[in-house]
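# Overview (structure and organization)
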Amino acid sequence: MSRLTIENLTIRFGDNAPPVVDGVSLSLQAGRMLALVGESGSGKSVTALSILGLLPPQAQVRADSLRLDQQNILALSDSGLRGLRGGRIGMVFQEPLSALNPLHKVETQIGESLAVHQGLSRAQARARTLELLHQVHLPEPETMLARFPHQLSGGQRQRVMIAMALANNPSVLIADEPTTALDVTVQAGILGLLKQLQAELGLSVLLITHDLGVVARYAEDIAVMHQGRIVEAGTAAQVLAAPAAPYTRHLLAAEP
Ligand code: ADP
Ligand code: MG
């Protein structure tokens, strides 16, 4: 069953500009991890941002269909999109520092979203926040509540981002290069956590990465993007073992 469905998505920045995303179709199946792979500039982030309604106003987004389950995302109002982002779709970005408010302690970062979207009281939000910090394996959750983003390590910040993304019980998680900015030793911990949460919570995960080693280890499905188009898609095992598209073969040959 497809959770997130994209059919023939095209995105331009400006009327006569060439498309940066060109006829993309994708299907994220329930409970699975789909890796969207491609070199820098191929259109991965723009695709993800379009799902969430986060592109700047000059972006022209066209699609035959953009659906979360049966819901047409293209027809949502701004407030509907905000509800979607805080609710059924969680998101994690490459740079947690840019997404966290530097002036807010962890308790407030997560608590505000819980208050807005679930109407929780301060005490309820605190309890739920502790539960979330526990779920993302942050040590000493009580201590973490009182920390500002700059008082956390890169890996801890990304765990806080993941806790925020999970706060309102999403069914889909979009993670855009969630470990690119982290030390290699920390990367596996974050990816392992996403994999564990996928299984525990039955999440469907769209993982954007340029690392085929990550795909082989963590993802069930893969879509390979090149110059705004999907050149190949299928199960990760099948595509990595026997790539059909020349570009996928090129990527695999370039792996260290
Ligand atoms: P990726 O995430 O695969 O590295 P992006 O999706 O960020 O690539 O970018 C795809 C293309 O769209 C790039 O050529 C980029 O320069 C362009 N682009 C992204 N955001 C904007 C924007 N806000 N305005 C104009 N062009 C943009
Ligand atoms: Mg990107």
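For the structure itself, consult the block above.
Report follows, based on the coordinates. (Residues numbered from 1 in each chain as written. Chains lettered and ligands numbered in written order. Predicted model: local features only at pLDDT ≥ 70, side-chain atom pairs only at ≥ 80, totals over all residues.)

### Examining the overall build of the protein
For the protein, the helix and strand inventory stands at eleven helices and eleven strands. Here the C-alpha atoms of the protein give a radius of gyration of 18 Å, agreeing with the 18 Å that 2.2 N^0.38 yields for 256 residues. Its C-alpha atoms put the protein at 55 × 40 × 30 Å along the principal axes. The 256 residues of the protein split such that 38% are buried. Of the contacts formed within the protein by residues at least 6 apart in sequence, a portion of 66% connects residues at least 24 apart. (Helix = DSSP H or I, 4+ residues; strand = E, 2+ residues; numbered from the N terminus. Rg over C-alpha atoms; globule rule 2.2 N^0.38 Å. Buried ≥ 20, exposed ≤ 12 C-beta atoms within 10 Å, placed from the backbone. Contact = placed C-beta atoms within 7 Å.)

### Some thoughts on unusual backbone geometry
In this structure, His 137 takes a positive phi of about 60 degrees despite not being glycine. Among the structural elements, His 137 can be located in the loop between α5 (122–135) and α6 (141–145). Taking the number of C-beta atoms within 10 Å as the measure of exposure, His 137 has 14 and is therefore partly exposed.

### Digging into the sheet that holds strand β10 (residues 221–226)
Judged by pairing direction, the sheet is mixed, and its six strands sit side by side in the order β7-β8-β9-β3-β10-β11 without closing on themselves. Each end of this open sheet is capped by a strand with a single partner; those strands are β7 (89–92) and β11 (229–235). In this sheet, adjacent strand axes meet at a mean angle of 15 degrees when their direction is disregarded. Inspection of the sheet shows β10 paired to β11 by six bridges, in the antiparallel sense. Bridging from a neighbouring strand, Asp 221 pairs with Thr 235 of β11. (Pairing = 2+ DSSP bridges. Axes fitted to C-alpha atoms, helices over the stretch in contact; angles between N-to-C directions.)

### Comments concerning helix α8 (residues 184–201)
Helix length check: α8, at 18 residues, gives a terminal C-alpha distance of 26 Å against a target of 26 Å (1.5 Å per residue), a fit within 8%. The inward-facing, buried residues of α8 abut β3 (33–37), α7 (154–166), β8 (172–176), β9 (204–209) and α9 (212–218). In the stretch just after α8, Gly 202 is the one whose phi turns positive, near 65 degrees. (Expected span 1.5 Å × (residues − 1).)

### Focus on the site of ligand 1
The environment of ligand 1 is formed by Phe 13, Val 20, Gly 38, Ser 40, Gly 41, Ser 42, Gly 43, Lys 44, Ser 45, Val 46 and Pro 56. Among the elements that line the shell around ligand 1, the one with the most residues is helix α1 (residues 44–51), at three residues. Residues that form the shell around ligand 1 fall into these classes: four nonpolar, six polar and one charged. (Near = placed C-beta within 6 Å. Nonpolar A, V, L, I, M, F, W, Y, C, P; charged D, E, K, R; others polar.)

### Regarding the packing of helix α4 (residues 106–118) against α5
Closest axis-to-axis distance for the α4/α5 pair is 9 Å, and the angle between their directions is 120 degrees. Pair α4 / α5 crosses with right-handed handedness. Note on element contacts: α5 touches α4 through Ala 125, Arg 126, Arg 128, Thr 129 and Leu 132, opposite Glu 107, Ile 110, Gly 111, Leu 114 and Ala 115. Across the contact of α4 with α5, the residue classes break down as five nonpolar, two polar and three charged. (Left-handed = near helix turned anticlockwise from the far one by under 90°.)

### Some words on the nonpolar core
Ala 35, Ala 163, Ile 174, Leu 206, Ala 219 and Ile 222 are the most contacted members of the largest nonpolar core, which totals 66 residues. Tallying contributions element by element places α7 first for this core, with seven residues. If sequence neighbours within four positions are ignored, Ile 174 has contacts with Ala 48, Ile 51, Ile 89, Met 91 and Leu 206. (Core = buried A, V, L, I, M, F, W, Y, C linked by C-beta atoms within 7 Å.)

### Details of the pairing of strand β5 (residues 65–68)
Taking every second residue as pointing to the same face, the buried face of β5 carries Leu 66 and Leu 68, while none of Ser 65 and Arg 67 on the other face is buried. Here strand β1 (residues 2–13) pairs with β5 via four bridges, running antiparallel. Within β5, the position partnered with Leu 4 by the bridge is Leu 68. Judged from the two bridges that link them, β5 and strand β6 (residues 71–72) form a sheet pairing that is antiparallel. Paired with Arg 67 across the bridge in β6 is Asn 72.

### Here's the deal with the environment of Val 215
Structurally, the position occupied by Val 215 is in helix α9. Distance from Val 215 to Val 37, taken between C-alpha atoms, is 8.4 Å for residues 178 residues apart in sequence. Filtering out sequence-adjacent residues up to four positions away, Val 215 remains in contact with Ala 35, Val 37, Thr 209, Ile 222, Ala 236 and Leu 240.

Limitation: the analysis is restricted to geometry and does not speak to function.
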